[in-house]
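Overview (structure and organization)
Now for the letters of each chain:
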Amino acid sequence: MARAPRRDLLAGLTVAIVALPLALGFGVASGLGAEAGLATAVVAGALAAVFGGSNLQVSGPTGAMTVVLVPIVAEYGPGGVLTVGLLAGGLLIVLALLRAGRSMRYVPAPVVEGFTFGIACVIALQQIPNALGVAVPEGDKVLVVAWRAVGEFAGSPNWTALAITVGVAGLMLVGARLRPGVPFSVVAVVAATLAAQLFRLDGATPIGALPSGLPAPSLGFLDLSAVGSLLAPAVAVAALAALESLLSATVADGMTTGQKHDPDRELFGQGIANLAAPLFGGVPATAAIARTAVNVRTGAGSRLAALTHAAVLAVIVFAAAPLVSRIPLAALAGVLLATAVRMVEVGALRAMARATRSDAVVLVLTAVATLVLDLVLAVVIGLAVAGVLALRAVAAEARVDRVDPMDPSDLSDLPDPSDPYDGNVPGLPGSETYGGGESAGPAGQVVAYRVEGPLFFAGAHRSLLALGEVSGVRVVILRMCRVTTVDATGALALKDTVHRLNGRGIVVLASGIRPGQRRVLESVGVLDLLRREGREYATASEALAGAGERLAAAGLVRPRGDRSAATVPAEEPAR
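Residues numbered from 1 in each chain as written. Predicted model: local features only at pLDDT ≥ 70, side-chain atom pairs only at ≥ 80, totals over all residues. Heavy atoms only, no water.

**Here's the deal with the layout of surface pockets**
Of the pockets and cavities examined, the largest pocket occupies roughly 1,300 Å³. For the largest pocket, the lining is made up of 40 residues, of which Ala290, Ala293, Arg297, Arg342 and Met343 are closest to its centre. Only α1 (5-30), α3 (63-97), α4 (109-126), α7 (159-178), α8 (184-198), α9 (227-254), α11 (289-297) and α14 (329-343) provide two or more residues apiece to the lining of the largest pocket. Among the residues making up the lining of the largest pocket, the classes are represented as 25 nonpolar, 8 polar and 7 charged. (1 Å grid on protein atoms, 1.4 Å probe; cavity = no way out; pocket = protein on both sides within 12 Å on 5 of 7 lines; lining within 4 Å. Points joined across faces, edges and corners; volume = space filled by probe spheres on them. Helix = DSSP H or I, 4+ residues; strand = E, 2+ residues; numbered from the N terminus. Nonpolar A, V, L, I, M, F, W, Y, C, P; charged D, E, K, R; others polar.)

Written out as structure tokens, the structure is:
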């Protein structure tokens, strides 16, 4: 399984050292306690490593998942969270069987960046009560809870807790810049714990007693009567687990060469992990981008590294629970604050904001929705807005431009470059065949329009609106070889335009319709209209020739060899 076992073992040990304070902190932040975070890191970390679709992924409790779990704990209690985890695991397995993993590639980068920035803000705000050394106020909105905690701190300041939080966060952030390879999170937590114990600091509230080992598997928490009401939160948890896990796997692939994850197997592995973690008192889990990045940077090459990480944490659970229980909550708050700061990629945010106005709007809207609403709804809003703006941009590419039908330089309208139009088209004024270049009929009886871009629901009516108002001519030629796509709405709009022109006695000819667009045009009857009297042509030159034949039949140009003037008035419609 492992090409370099020693390197994988070392990477797993390093990740475990980094993951320990995070697992404790996220367990506390979720409302189920530090023991829940450790159980999740051990059980979910091992099972996701075995059954997942990435060789490098490290799973466990994460800040994003904690954000979703807090309101569930407030409303349904610990049993509700464990039930949600069980349901979410089943939903993830269903998504894997439906092969939904590949849909991750369609999530726009501004949505991901806005989502990540919003999560970082929520994680930071969640740490305010522990950082200030006050009890967590009531409420399910993180902004409200943080504001109430600040109010309580102002009334009775706890400077010890604040100093520990700032010290731990500062040491992690500064140390990561100076010595990126050193696990400063553990160094900072150990230092804070020793200081709190040696100097008996008032206000340094410890985590509290932890069980020596994992609890026995149990379904005692499952309340079948609440399953119906918990289904919606379970969908949110499953969606978040899928999104974060697939994003983390993509990041891991990008940091290495020769590694490629299986998105559907990754969903399956996360489903198994979330089915098992609640049985041992763990919270819903997902892949962790930060821990996965540490795993890759320290040389991991196989699943052995993630399994080692889980095994080391299991040893800590069984052998060092009394020591872990003395860690101050303020120290864990500092770890999570530093983690939140490091989640924000300022360069990526700046690049997205400067790319286009649409990207900036999507990024800001997703971030605000993540902070104010819930995470899954924020992603849905981001995707919806991104989709609408993308459709608007694509629709703006649709154009209908009038071109000179006799201009020999306009060769780009011809679908076949081997069939160029040289201006020598029978039946039109100026043709050598019909008059040797001298005008032989009324000018301006034929107009040509080049239709470009997509003809679909977002912009078909707007782009074809002016075309339907054309008047004073006998023939309109539609050059359609530059149409990129047509849907039913676009085809119906085109049909309506042809009907309106025909109603004014104007013959509509079309050229260059692509084979892939014929089916939709035929289904709504557009091709039937154009095929009457042979009004559809393969090339622009053939359409011009067809226009000349119709004008000649109407007496508006001289037939071959006829030097007399046209006798049919210009006002008479072409037959």
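**Overview of the pairing of strand β4 (residues 446-455)**
Buried residues dominate β4, accounting for 10 of its 10 residues. Pairing of strand β3 (residues 399-403) with β4 involves 5 bridges; the strand directions are antiparallel. When the bridges of β4 are listed, valine 403 appears paired with alanine 448. Of the strand pairs in this sheet, β4 and strand β5 (residues 475-486) are connected by 9 bridges, and their pairing is parallel. Across the sheet, residue proline 454 finds its bridge partner in β5, namely threonine 485. (Buried < 20%, exposed > 50% of the residue type's maximum accessible area, 1.4 Å probe, protein only. Pairing = 2+ DSSP bridges.)

**Re the packing of α4 against helix α16 (residues 357-372)**
Where α4 meets α16, the closest approach of the two axes is 7 Å, and the angle between their N-to-C directions is 30 degrees. Between α4 and α16, the angle is such that the two are roughly parallel. Classified by chirality, the crossing of α16 by α4 is right-handed. Every residue of α16 that contacts α4 at Pro110, Val111, Glu113, Gly114, Phe115, Phe117, Gly118, Ile119, Cys121, Val122 and Leu125 is listed here: Asp359, Val362, Leu363, Thr366, Ala367, Thr370 and Leu371. For the contact of α4 with α16, the residue count by class is 12 nonpolar, 4 polar and 2 charged. (Axes fitted to C-alpha atoms, helices over the stretch in contact; angles between N-to-C directions. Parallel < 35°, antiparallel > 145°, perpendicular 65-115°, else oblique. Left-handed = near helix turned anticlockwise from the far one by under 90°. Contact = heavy atoms within 4.5 Å.)

**Details of a nonpolar patch on the surface**
A surface patch of nonpolar side chains, about 560 Å² in accessible area, is lined by Leu143, Val364, Val368, Val372, Leu373, Leu377 and Val380. At 3 residues, α16 tops the list of elements feeding residues into the nonpolar patch. (Patch = residues over 30% accessible without salt bridge, like charges linked within 9 Å, V, L, I, M, F, W, Y side chains within 5 Å. Areas by Shrake-Rupley, 256 points an atom, 1.4 Å probe, with all protein chains shown as cover. Salt bridge = Lys/Arg side-chain N within 4 Å of Asp/Glu carboxyl O.)

**Digging into the packing of helix α15 (residues 346-355) against α16**
Contact pair α15 / α16: the axes reach a minimum separation of 5 Å and the direction vectors enclose 130 degrees. Taken together, α15 and α16 sit at an angle that is classed as oblique. Contacts from Leu349, Met352, Ala353 and Ala355 of α15 reach α16 at Asp359, Ala360 and Leu363. For the contact of α15 with α16, the class distribution of residues is 6 nonpolar, no polar and 1 charged.

**A closer look at unusual backbone geometry**
Excluding glycine, most residues fall at negative phi; most peptide bonds, likewise, are trans. Positive phi, close to 60 degrees, is recorded for arginine 99, a residue that is not glycine. By relative accessible area, arginine 99 is classed as exposed at 54%.

**Brief notes about the sheet that holds strand β6 (residues 507-511)**
Working definition: the strands of a sheet are paired by backbone hydrogen bonds and lie parallel or antiparallel to each other. Reading across the sheet, the 5 strands line up as β3-β4-β5-β6-β7 and stay open at both edges, with mixed pairing between neighbours. A strand with exactly one partner marks an edge of an open sheet, and here the two such strands are β3 and β7 (536-537). Most of the contacts of helix α20 (residues 515-523) go to β5, to which it runs at about 115 degrees, and overall it touches β5 and β7.

**Examining the nonpolar core**
Of all hydrophobic cores here, the largest spans 90 residues; its most connected members are Leu24, Val168, Ile207, Val237, Leu313, Ile327 and Leu375. The dominant element in this core, judged by the number of residues it contributes, is α3, at 14 residues. Those residues in contact with isoleucine 327 that lie beyond four places of it in its chain are Leu24, Val189, Thr193, Thr205, Pro206, Ile207 and Leu332. Listed in part, the 30 residues of the second largest apolar core include Leu455, Val476, Val508 and Val520. (Core = buried A, V, L, I, M, F, W, Y, C linked by side-chain atoms within 4.5 Å.)

**Let's talk about the packing of aromatic side chains**
To describe a pair of aromatic rings, you give the distance between the ring centres and the angle between the ring planes. As enumerated under the stated definition, the model contains 1 aromatic pair in all. Ring centres of phenylalanine 153 and tryptophan 159 lie 5.2 Å apart, and the angle between their planes is 80 degrees; this geometry places the pair in the edge-to-face category. What makes phenylalanine 153 buried here is its relative accessible area of 11%. (Phe/Tyr/Trp six-rings, centres within 6.5 Å; stacked < 30°, edge-to-face > 60°.)

**Digging into empty space enclosed by the protein**
Tallied over the entire structure, the rule returns 2 cavities of 30 Å³ or more. By volume, the largest cavity amounts to about 50 Å³. Lining the largest cavity are Val107, Val111, Val112, Phe115, Leu243, Glu244, Leu247 and Val379. Taken together, the elements giving at least two residues each to the lining of the largest cavity come down to α4 and α9. A breakdown of the residues in the lining of the largest cavity according to their chemical character gives 7 nonpolar, no polar and 1 charged. The space that makes up the second largest cavity amounts to roughly 30 Å³. Every residue lining the second largest cavity is listed: Gly25, Val28, Ala29, Gln127, Asn130, Leu329, Leu332, Ala333 and Leu336. Of all elements in the fold, only α1 and α14 reach the threshold of two or more residues within the lining of the second largest cavity. Per-element tally for the lining of the second largest cavity: the top contributor is α14, with 4 residues. Taken together, the residues of the lining of the second largest cavity break down into 6 nonpolar, 3 polar and no charged.

**Here's the deal with the pattern of salt bridges**
Scanning all chains against the criterion turns up 7 salt bridges. Where aspartate 401 meets arginine 399, a salt bridge forms, and the shortest distance between an N and an O atom there is 2.7 Å. Accessibility expressed as a relative area gives 45% for arginine 399, which makes it partly exposed. The residue aspartate 496 makes a salt bridge to arginine 500 at a minimum N-O spacing of 3.9 Å. Of the two residues, aspartate 496 and arginine 500 both sit in helix α19 (residues 488-503), 4 residues apart, roughly one turn of that helix. Exposure remark for arginine 500: the relative accessible area of 29% places this residue in the partly exposed category. Look at the salt bridges and you will find they share partners, linking Arg99, Arg102 and Asp264 into a network.

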